[in-house]
Number of protein chains: 4
Amino acid sequence: MKPFHFQSGLGIPALQFLASIHFDRRLYQEDIEGSIAHAKMLARQGIISQNEAELIIGGLKAIGEEIERGEFLFKTELEDIHINIESRLWEKIGEIAGKLHTARSRNDQIALDLRLFTRKAIQESIAKVKELQLALVEKAEAYQTAIIPGYTHLQPAQPILLAHHLLAYFEMLQRDIERFKDCLKRTEVMPLGSGALAGVPYPVDRCFLAQELGFPQISQNSLDAVSDRDFIIEYQLAASLTIMHLSRLAEELVIWSSAEFGFITIDEAYSSGSSIMPQKRNPDIAELVRGKTGRVYGHLLALLTTMKSLPLAYNRDMQEDKEGFFDTVDTLLSCLGIFVGMIRTIRINVERLRQSAEQSYLMATDVADYLVHKGMPFRQAHNLVSELVEYAQTQGKRLEQLGLDEYWHFSPLFSEDIAEITLESSIAARDIVGGTAPEEVKKQIERAKRIIKDSS
Amino acid sequence: MKPFHFQSGLGIPALQFLASIHFDRRLYQEDIEGSIAHAKMLARQGIISQNEAELIIGGLKAIGEEIERGEFLFKTELEDIHINIESRLWEKIGEIAGKLHTARSRNDQIALDLRLFTRKAIQESIAKVKELQLALVEKAEAYQTAIIPGYTHLQPAQPILLAHHLLAYFEMLQRDIERFKDCLKRTEVMPLGSGALAGVPYPVDRCFLAQELGFPQISQNSLDAVSDRDFIIEYQLAASLTIMHLSRLAEELVIWSSAEFGFITIDEAYSSGSSIMPQKRNPDIAELVRGKTGRVYGHLLALLTTMKSLPLAYNRDMQEDKEGFFDTVDTLLSCLGIFVGMIRTIRINVERLRQSAEQSYLMATDVADYLVHKGMPFRQAHNLVSELVEYAQTQGKRLEQLGLDEYWHFSPLFSEDIAEITLESSIAARDIVGGTAPEEVKKQIERAKRIIKDSS
Amino acid sequence: MKPFHFQSGLGIPALQFLASIHFDRRLYQEDIEGSIAHAKMLARQGIISQNEAELIIGGLKAIGEEIERGEFLFKTELEDIHINIESRLWEKIGEIAGKLHTARSRNDQIALDLRLFTRKAIQESIAKVKELQLALVEKAEAYQTAIIPGYTHLQPAQPILLAHHLLAYFEMLQRDIERFKDCLKRTEVMPLGSGALAGVPYPVDRCFLAQELGFPQISQNSLDAVSDRDFIIEYQLAASLTIMHLSRLAEELVIWSSAEFGFITIDEAYSSGSSIMPQKRNPDIAELVRGKTGRVYGHLLALLTTMKSLPLAYNRDMQEDKEGFFDTVDTLLSCLGIFVGMIRTIRINVERLRQSAEQSYLMATDVADYLVHKGMPFRQAHNLVSELVEYAQTQGKRLEQLGLDEYWHFSPLFSEDIAEITLESSIAARDIVGGTAPEEVKKQIERAKRIIKDSS
Amino acid sequence: MKPFHFQSGLGIPALQFLASIHFDRRLYQEDIEGSIAHAKMLARQGIISQNEAELIIGGLKAIGEEIERGEFLFKTELEDIHINIESRLWEKIGEIAGKLHTARSRNDQIALDLRLFTRKAIQESIAKVKELQLALVEKAEAYQTAIIPGYTHLQPAQPILLAHHLLAYFEMLQRDIERFKDCLKRTEVMPLGSGALAGVPYPVDRCFLAQELGFPQISQNSLDAVSDRDFIIEYQLAASLTIMHLSRLAEELVIWSSAEFGFITIDEAYSSGSSIMPQKRNPDIAELVRGKTGRVYGHLLALLTTMKSLPLAYNRDMQEDKEGFFDTVDTLLSCLGIFVGMIRTIRINVERLRQSAEQSYLMATDVADYLVHKGMPFRQAHNLVSELVEYAQTQGKRLEQLGLDEYWHFSPLFSEDIAEITLESSIAARDIVGGTAPEEVKKQIERAKRIIKDSS
């Protein structure tokens, strides 16, 4: 039997520089899955015999198992996962292995492998995002009455429900899911049949391949099919937005767990001690996730940069599409996963939240609104309350501690009912869709749970 | 009448540093449109009187016209477009102007303005992408029989139709359109009613507002609504991919218009001369578009960076969402627009294309396929042809100039029909969907035209 | 007299797309300065007559004044600043103007203009950084005894002097200055004489030009000289690091001015009110500077991307070197400038700082060190103190409130002198170079003042 | 003997998420080197005994050897390289191991390790850049008379020497070296003694440590010392510029090795074949290096993003400083290394270069200069030659094929000596410093060789 022959002719330094097997071996399942579908199709179209197809498929499956068991020897001199598997197939079933390459090139093969991998990455990302959504919604539900200062510019602005705050992240993550789903539409496009760049001169059944692989569409231009990496970049953008959202939550967790804020306590299982300062519990997880935002952004920019100005069709530059992408997927999944556990176990210091809410002049807006309700134009009311707050600060009083005579000093529109403005009344007044009023937040919790459930 | 009172209390250096009117004035139409809808809603809900609403709306329309006519004096001390317009409204209709601010804050107002602007930007971007698609398809149609070498690694690989090559860009641009449309779904979400961050304590009708402004959805969380800039980042990613595609086409145009390739001639109206080298015509447009890729990527990174780690809800950092974004929109629209004109007027040097196709060994793959059809395993055929080409090169002959006896030297499987392998036969053989065969390309041209037309 | 003739042959859309006069007009001073030096040199070498040189120089100076007075009409059809000025010179002094272009092309001219501009940008950047250093050092000096918790992970770790904290920024800014200076070495390289790309065929005196323009070096390769934009990228990296440092300070100012921390009060002139929440004073300046970090990073990436893969020598892509760069310079200078004013007027709430320092277990490390001094291995001491702190927390006591008997419960090594461990003793003990001990910090303040002064 | 005790208290998921040993193990040499110096210093200062120091140093050296031999078991539960080594030291020499941690924290320890590593990375980068410079200079020297068209806009502009072209890259790389050296100044700053953030309360001798480790400076502020990662970012920028330069050269190699240009032949050892197109030799190395530009830029932006807005001092985000950085170092060194081999073995197709140079109108500028020398103003000469070239093109002639009568048709200033304008004369005329004239290029080759030699 003639041995498998692969020879790039490269010298050893070039071979080592160009080899991708140390990272693209990760695609072995996808490569085998794609090859099995291809073999089936070849047989179905009579390009190879049914018997040959069975031999090939049996060989491929056996190789898959070898890899799973850790018994497969990946060889650098065989450059990439495709050649490694093909070479092994040759060892197992002889020359027939060569027929698998009929009507296919490494260019459409890698395009397929990447699409299969991306599909899986999207599905796993969505699942993990959902888990985090659930953790947030459950936490919101558990603390439905807790009041927290709502901040703008990190200055206390208006009282809100903590649950309302947590649900803001539910919304962000829901958009993330939608973006991943949109990306999936452009990922599930079957490229086989494109050959090296011009299409293959064989009567391949591309629709059968698509069906076999679970792809609803086939690519419409062979040149584009082998040189398109948009779907990876799009995944990376979706991941960048997701981790950006995590970084915002992480920042809040870091600030909230500071001694000065003291709003939350991160569970010991998720916060580490210091090697030199025994009293400290550090929000390391939140910090590291926040820090990993840079990495995910960096990989997005890396691939955008790599793809810039590449002439059609395939260029070796495109081999750079994998490592950063793989790392983005791993990073995102692990950050989401660790956040799920951390959020679930966080303890909210409800008393401290309320104390902080009470110490600020959070009802100032409500007092202005009170005056507007009584007929004062908005801007005028705003200016008046500004002076009122300044007066109260000078007196060292909270607004509810001022007497009606003091209020009258500023406007005769004030009457006894000013005492009805409280943290609770302020929150309850915001009872429109999306507002912080308890019944609205309750509805949103129900809606969120429904969305998570429906789409599972 | 009490004059309009706006006082940030800022010193002049801080005021100049913080003022955004020099760039957010661009949102005046959106700001007025949003305010008119808000006034209508306030009247409808009885929060202001019908008469007040009419006065406000009349005043806003008059201000819009003043701005259009260039008669509006934008003032830095009024910081931004919202206050500039409100102040002018106050001048025109007096204190009633203040009522427009009822149940609204600058935070939800700017969120709305940006969404209205982004919607328009998306619509214009899609329209321009379509124009470029059409220019490419028309060029493809005009040169349906022209053969060009298909390249991988910028090395001639297989013959393809020029039209096939051009249609690859149609596909890329079609994905760009789909991404812009997906982004639109997340842009058309009505944020008014969110107030500063907690929702407004007024019985506003958010669905009426959405309907009035043509938005199919309303936001579901007020904190998220005022601190969400995902839609801008998503637009910027869509724009980054679009200009990345343009950069690839630009690179090809630069290379193709080089003296050595000589494939195309860019019209004089779109290529500039040299100040010192009179004989040159430079592909400046293509180069500058390629160069502008950096700018668009940069703005994407900028906003991703700015949004990283921001606690909820609004922070002044977010004022940085506009300038880069506006520049991205302008850059993308102008690059697309100029490409339309340039592509339409490009002349293809068909003879030169063919000459280049003939001089390479582009049919080598077909010869290998020929042997596979005759029963040789693929890898073996590949190796044999490799030796055959090497032999031909040594002899200074093209493959079709070799005699059958020379072919036999390599394999007895060759017979007279080897002469039937030509550029045309090679192309015709790739007659699967997405392949380069003339009838397939013709179908794709029709499909492309249909897509462009249907979605207009 | 024959009129000035400049005709790119471009159509109007292309002309508008390619014209750079709307942004490169900013280089008019540099362009004139460079042209004057060139004219002097041409005369000195006898390439033009002395009389011609005087006419040219007189004309250029007059044009410079026209521009200063706002009386110069910049024309888009003349594309860029070079042609605009040359055309005007032609109007003023006739055909002789054309001689100025002898031995020079737009490629080396723009290279020179950019280097002159960058030199000025570097000098101004350094000057502004110094101003900020001084503001920080003065603030440090004014609060030499104030104690603040030193944080890691935003958790209080050890007591430090506020002055020590502020001086950390002095160090960062000092590195920034050094980077700008290093960048200057590669900026001050005189490129004239490079012509379009190959060098000029005239006996120009490049060293005279360098001397005239104050450049210590001349470029050594004409191709490189016209296609090198490293110095701009290098400036942008130095600016990126500088604004990254500002973003760290900005973050601290935002956190420190929160109600919960309450460490500082930003002056009213540098903090803005809220449109809807009258009680708030927002750290807008700090936030906006923090937000502008994105912009500066973005411009760095943009030019790196643009320059990627450009073949030699000049390509039109390189026109993209200016707008982002100009914006980076403006952004950096304005951010530094506004920080100077803000830092100078910040009020430190010393009592609040101390209170915060006392409430944490900041001396835990010192207690561990105490045990080490008494012979316990470090790790063991660390673990013991960890348990001690836990005990104290349970008891609701600060460490200094524990009795010696309680200490003995943990180790017999404790003795009366444990009471000597205080915030002050902890700080004083760190009296190595770079440590937080008062005398060391005082030395560093002196050193910092000396450095600022010496290099002015 | 009490066993080594390290317990972060983290749960397993958090531990796995936070552990860095899988990548920071790479710093084992630096960690051991730093610890040995620290132990020596502790003994010298009498903080530990000489005997203890010897035990510790002996243990550390033995551990280093274990790691070298692959006999060291790295443990995830020990988180990082520091604890892994310390734990092993404890196993080897018992409790005394704990004393090594006296007067040191993980924060200053990792700062030191990174600086030691960066110093080595800089030295290796400079050495590799020099090798590439030498390869370019040797190639330039070997082809000193070869003429190539000089391009702007990828259009042939003026004839130049190939050697001149190659030397442009020498210049770029020389700036790269200078940047690495500048970065070294800010890297070689000894941080030990900074402790966790405030400085250590022990009489450590920081200058001795600096001397021992070969650092000319010590850090001046402990907070800054533990939170400064500028030197890594600066390395990454220097690396980004270096690979940007490589990407330009790579782009030229790809274009030059295209069939249409045919200027060079990349050696078989450095160019790979196609799996489906046997006739192709692809410039894979050049492409992959060009593609890796994205990765290096991405890592730069990643760390800039990570460091943005971090409050002082150490935050866990900073753990992200290593992986991207390590990959940048590896990428840069391997790209430089592979380019050295590829450049050395490239064959220049001198005939093809000349042919290309002759076919363009490269002497047009010289003809314009000829007229200027005869007294015509530059702009006028330029316009005239433009018309002349157009005429020649119409006639299908090269300029040197035109008769004097045809020249006279355009200007009477032409005379017989117009025939003296040749490719060689054009090149020879540019004999200023940095110009393309043979003797100038020869001088530059000598200068380059001297620079490479001097600094080795």
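Nothing here was measured: the structure is a model prediction, and the numbers come from that model. (Residues numbered from 1 in each chain as written. Chains lettered and ligands numbered in written order. Predicted model: local features only at pLDDT ≥ 70, side-chain atom pairs only at ≥ 80, totals over all residues. Heavy atoms only, no water.)

1. Looking at the relation of the copies chain C and chain D
Logical step 1: Note on the copies: chain C fits chain D at an RMSD of 0.0 Å, the axial shift is 0.0 Å, and the rotation between them is 180°. As the rotation angle and translation indicate, the two copies are arranged about a two-fold axis.
Logical step 2: A shared binding surface is used by both copies, with 100% of the interface residues of chain C retained as interface residues in chain D. (Least-squares fit on C-alpha atoms with pLDDT ≥ 70 in both. Contact = heavy atoms within 4.5 Å.)

2. Quick look at the interface of chain C and chain D
Logical step 1: Listed per partner, the contact involves 98 residues of chain C and 98 residues of chain D.
Logical step 2: Here chain C packs against chain D, burying approximately 8600 Å² in sum over the two surfaces, 58% of which is carbon and sulfur.
Logical step 3: Between chain C and chain D we count 16 salt bridges in total.
Logical step 4: The closest approach of N and O atoms between Asp 230 of chain C and Arg 179 of chain D, which form a salt bridge, is 3.0 Å.
Logical step 5: For the pair chain C and chain D, the interface holds 46 residue pairs in polar contact (both at pLDDT 80 or more).
Logical step 6: Per element, the largest residue contribution to the side of chain C that touches chain D is 13 residues, and it comes from helix α7 (residues 162–187) of chain C. (Buried area = accessible area lost by both parts, 1.4 Å probe. Salt bridge = Lys/Arg side-chain N within 4 Å of Asp/Glu carboxyl O. Polar contact = N/O pair within 3.5 Å; in protein donor to acceptor, adjacent residues only side chain to side chain. Helix = DSSP H or I, 4+ residues; strand = E, 2+ residues; numbered from the N terminus.)

3. Concerning the pattern of salt bridges
Residues and elements named next belong to chain A.
Logical step 1: Under the criterion given, the structure shown has 188 salt bridges over all chains.
Logical step 2: A salt bridge links Glu 406 to Lys 397; its shortest N-O distance comes to 3.4 Å.
Logical step 3: Note on Glu 406: relative accessible area 13%, which makes it buried.
Logical step 4: By relative accessible area, which is 27% here, Lys 397 ends up partly exposed. (Buried < 20%, exposed > 50% of the residue type's maximum accessible area, 1.4 Å probe, protein only.)

4. Comments concerning the relation of the copies chain A and chain B
Logical step 1: Placing chain A over chain B gives an RMSD of 0.0 Å and needs a rotation angle of 180°, together with 0.0 Å of translation along the axis.
Logical step 2: The overlap is high: 100% of the interface residues of chain A also sit at the interface in chain B, so the same surface is used on both sides.

5. Digging into the interface of chain A and chain B
Logical step 1: Tallying the contact residues gives 98 residues for chain A and 98 residues for chain B.
Logical step 2: With both chains or domains summed, chain A and chain B bury close to 8600 Å², and 58% of this area falls on carbon and sulfur atoms.
Logical step 3: Summed over the shared surface of chain A and chain B, the number is 16 salt bridges.
Logical step 4: Between Asp 228 of chain B and Arg 175 of chain A there is a salt bridge, and its shortest N-O distance comes to 3.3 Å.
Logical step 5: The interface formed by chain A and chain B contains 46 residue pairs in polar contact (both at pLDDT 80 or more).
Logical step 6: Among the elements that make up the side of chain A that touches chain B, the one with the highest residue count is helix α7 (residues 162–187) of chain A (13 residues).
Logical step 7: Considering only residue class, the side of chain A that touches chain B consists of 41 nonpolar, 32 polar and 25 charged. (Nonpolar A, V, L, I, M, F, W, Y, C, P; charged D, E, K, R; others polar.)

6. Points about the packing of helix α6 (residues 106–142) of chain B against helix α10 (residues 230–256) of chain B
Residues and elements named next belong to chain B.
Logical step 1: For the pair α6 and α10, the least separation of the axes is 11 Å and the interaxial angle reads 20°. The orientation of α6 relative to α10 falls into the category roughly parallel. In the packing of α6 onto α10, the handedness of the crossing is left-handed. Contacts between α6 and α10 pair Ala 111, Leu 114, Arg 115, Thr 118, Ala 121, Ile 122, Ser 125, Val 129, Leu 132 and Leu 136 from the former with Phe 231, Ile 232, Tyr 235, Thr 242, Leu 246 and Leu 249 from the latter.
Logical step 2: Split by residue class, the contact of α6 with α10 holds twelve nonpolar, three polar and one charged. (Axes fitted to C-alpha atoms, helices over the stretch in contact; angles between N-to-C directions. Parallel < 35°, antiparallel > 145°, perpendicular 65-115°, else oblique. Left-handed = near helix turned anticlockwise from the far one by under 90°.)

7. Comments concerning the confidence of the model for chain A
Logical step 1: This prediction gives chain A a mean pLDDT of 94; 97% of its residues lie at or above 70.
Logical step 2: This complex was scored by the predictor with a pTM of 0.96 and an ipTM of 0.95. (pLDDT = per-residue confidence, 0-100.)

8. Overview of the packing of aromatic side chains
Logical step 1: For the coordinates displayed, the defined rule picks out 50 aromatic pairs over all chains.
Logical step 2: With centroids separated by 4.7 Å and ring planes inclined at 50°, the aromatic side chains of Tyr 407 of chain C and Phe 414 of chain C adopt a geometry described as tilted. By the burial criterion, Tyr 407 of chain C is buried, and Phe 414 of chain C matches it.
Logical step 3: Grouped by ring-pair contacts, the aromatic residues Tyr 151, Trp 256, Phe 261 and Phe 263 of chain A together with Tyr 151, Trp 256, Phe 261 and Phe 263 of chain C constitute a single cluster.
Logical step 4: Here Arg 26 of chain A stacks its cationic end above the ring of Phe 326 of chain A, 5.0 Å away from the centre of that ring. (Phe/Tyr/Trp six-rings, centres within 6.5 Å; stacked < 30°, edge-to-face > 60°. Lys NZ or Arg CZ within 6 Å of the ring centre and 35° of its normal.)

9. Re the environment of Tyr 143 of chain B
Residues and elements named next belong to chain B.
Logical step 1: Looking at the secondary structure, you find Tyr 143 in the loop between α6 and β1 (147–152).
Logical step 2: Residues Tyr 143 and Ala 163, 20 residues apart in the sequence, show an inter-C-alpha distance of 6.5 Å.
Logical step 3: Contact partners of Tyr 143, with chain neighbours within four places excluded, come to Leu 162, Ala 163, Arg 347, Ile 348 and Val 350.

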